[in-house]
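An overview of the molecular structure
Okay, here's what each chain looks like letter by letter:
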Amino acid sequence: MNCYNCGAELSNSDYCERCGADVSLYRRLIKLSNAYYNEGLEKARVRDLSGAAVALRQSVKANKKNTDARNLLGLVYFEMGEMVDALSQWIISKNFQSEKNLADEYIKSVQNSPARLDAINTTIKKYNQALGYCYQDSQDLAVIQLKKVLSYSPKYIRAHQLLALLYINGEEWEKAKKE
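Attention here is on the structure that accompanies the text. These numbers were taken from a predicted model, which means no experiment stands behind them. (Residues numbered from 1 in each chain as written. Predicted model: local features only at pLDDT ≥ 70, side-chain atom pairs only at ≥ 80, totals over all residues. Heavy atoms only, no water.)

1. Observations concerning the packing of helix 6 (residues 114–135) against helix 7 (residues 139–152)
Note the following rule: Comment: axis = line fitted to C-alpha atoms, over the contacting stretch for helices; angle = value between 0 and 180 degrees taken between N-to-C directions. Think of it this way: any DSSP run of H or I at least four residues long counts as a helix, any run of E at least two long counts as a strand, and we number them from the N terminus. Put simply, angles under 35 degrees are roughly parallel, angles over 145 are roughly antiparallel, angles from 65 to 115 are roughly perpendicular, and the rest are oblique. What makes a crossing left-handed is the near helix being turned counterclockwise from the far one by less than a right angle; a clockwise turn instead makes it right-handed. Any two residues whose heavy atoms approach within 4.5 Å are treated as being in contact. Side-chain classes follow a simple rule in which Ala, Val, Leu, Ile, Met, Phe, Trp, Tyr, Cys and Pro form the nonpolar group, Asp, Glu, Lys and Arg form the charged group, and the remainder, Gly included, forms the polar group.
Taken N-terminus to C-terminus, the directions of helix 6 and helix 7 make an angle of 160°; their axes are 8 Å apart at the nearest point. By the angle class used here, helix 6 and helix 7 are roughly antiparallel. When the axes of helix 6 and helix 7 are compared, the crossing they make is left-handed. Between helix 6 and helix 7, the residues in contact are Thr122, Thr123, Lys126, Tyr127, Gln129, Ala130, Tyr133 and Cys134 and Leu141, Ala142, Gln145, Leu146, Lys148, Val149 and Tyr152, respectively. Within the contact of helix 6 with helix 7, the residues separate by chemical class into nine nonpolar, four polar and two charged.

Given below as structure tokens:
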């Protein structure tokens, strides 16, 4: 672990040997960030993606430079269909650690697939259109758009949630339960 102030390697002391900065709180923040990262990793392994996202966001809040947490958070967002959020996390991660960062591979895999980018754009546009229909109280049109969204991106959790809410509002309990 390096000193936040001067970048020197830290010993077991609560003070940096080079600059004298108090690093006790900094150590606790790093440990807290790593604990949240480990929690997020465990939740991601058992496919609790929303729980993993919460833990990983806490990890990044405690240590914004935790690139492992940012990369995993990007993967979780990617699995949830939140492509923009995933790319944002990977780009931030890449800015903190420009060399030997897995974020490079994740970004390249998305950028090198024009069909995937088109599908993402279409998904986002149709989801936003479905939201607009909901605000206009055109629930039937919203359901149709959400079904199209899910045909492009079946893992898009927000679309499943909105569709379930629309089914609940229409008292279609079995369909809502399925979503």
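Anyway, onward from the coordinates.
2. Focus: a nonpolar patch on the surface
Note the threshold: Patches draw on residues past 30% relative accessible area with no salt bridge. Two like charges within 9 Å are joined, as are two nonpolar side chains (Val, Leu, Ile, Met, Phe, Trp, Tyr) within 5 Å. Method for areas: the Shrake-Rupley scheme with a 1.4 Å probe, in which residue coverage is limited to the protein chains shown. Just to be clear on terms, a salt bridge is a Lys or Arg side-chain nitrogen sitting within 4 Å of an Asp or Glu carboxyl oxygen.
Together, Leu25, Leu29 and Leu32 make up a nonpolar patch on the protein surface, roughly 250 Å² of accessible area in all. Considering the arrangement of structural elements, one finds Leu29 in helix 1 (residues 24–45).

3. As for helix 5 (residues 103–111)
Note the threshold: Only protein chains enter the calculation, and the probe is 1.4 Å; a residue is then buried if its accessible area is under 20% of its type maximum, exposed if over 50%, and partly exposed in between. Relevant arc is that of directions from the helix axis to the C-beta atoms, nothing else.
Every buried residue belonging to helix 5 is among Ala103, Asp104, Tyr106, Ile107 and Val110, and all of these are buried. Looking straight down helix 5, one finds its buried side chains confined to an arc of 165°; they lie on one side. Opposite the buried face of helix 5, at more than 90 degrees from it, the exposed residues are Glu105 and Lys108. Those residues of helix 5 that are buried lie in contact with helix 3 (67–80), helix 4 (83–96) and helix 6.

4. A closer look at unusual backbone geometry
A positive phi angle, near 50°, is found at Lys100, a position not held by glycine. Here Lys100 is to be found in the loop between helix 4 and helix 5. Residue classification places Lys100 among the exposed positions, given a relative accessible area of 82%. Positioned with a positive phi, Asp137 is a non-glycine residue whose angle comes to about 65°. By secondary structure assignment, the location of Asp137 is in the loop between helix 6 and helix 7. The exposed category is assigned to Asp137, whose relative accessible area is 60%.

5. Thoughts on the pattern of salt bridges
Two side chains carrying opposite charge are able to pair once their charged atoms lie near each other. If you walk through the whole model with that rule in mind, you get seven salt bridges. Put simply, Arg47 and Glu79 hold a salt bridge, and the shortest N to O gap is 3.0 Å. One end of the pair, Arg47, is in the loop between helix 1 and helix 2 (49–62); the other, Glu79, is in helix 3, with 32 residues separating them in the sequence. The partner of Glu79 in a salt bridge is Lys155, with the nearest N and O atoms 3.0 Å apart. With Glu79 in helix 3 and Lys155 in the loop between helix 7 and helix 8 (157–169), this pair connects stretches of sequence that are 76 residues apart. Its relative accessible area of 48% is what places Lys155 among the partly exposed residues. Shared partners join several salt bridges into a network, and the residues in it are Arg47, Glu79 and Lys155.

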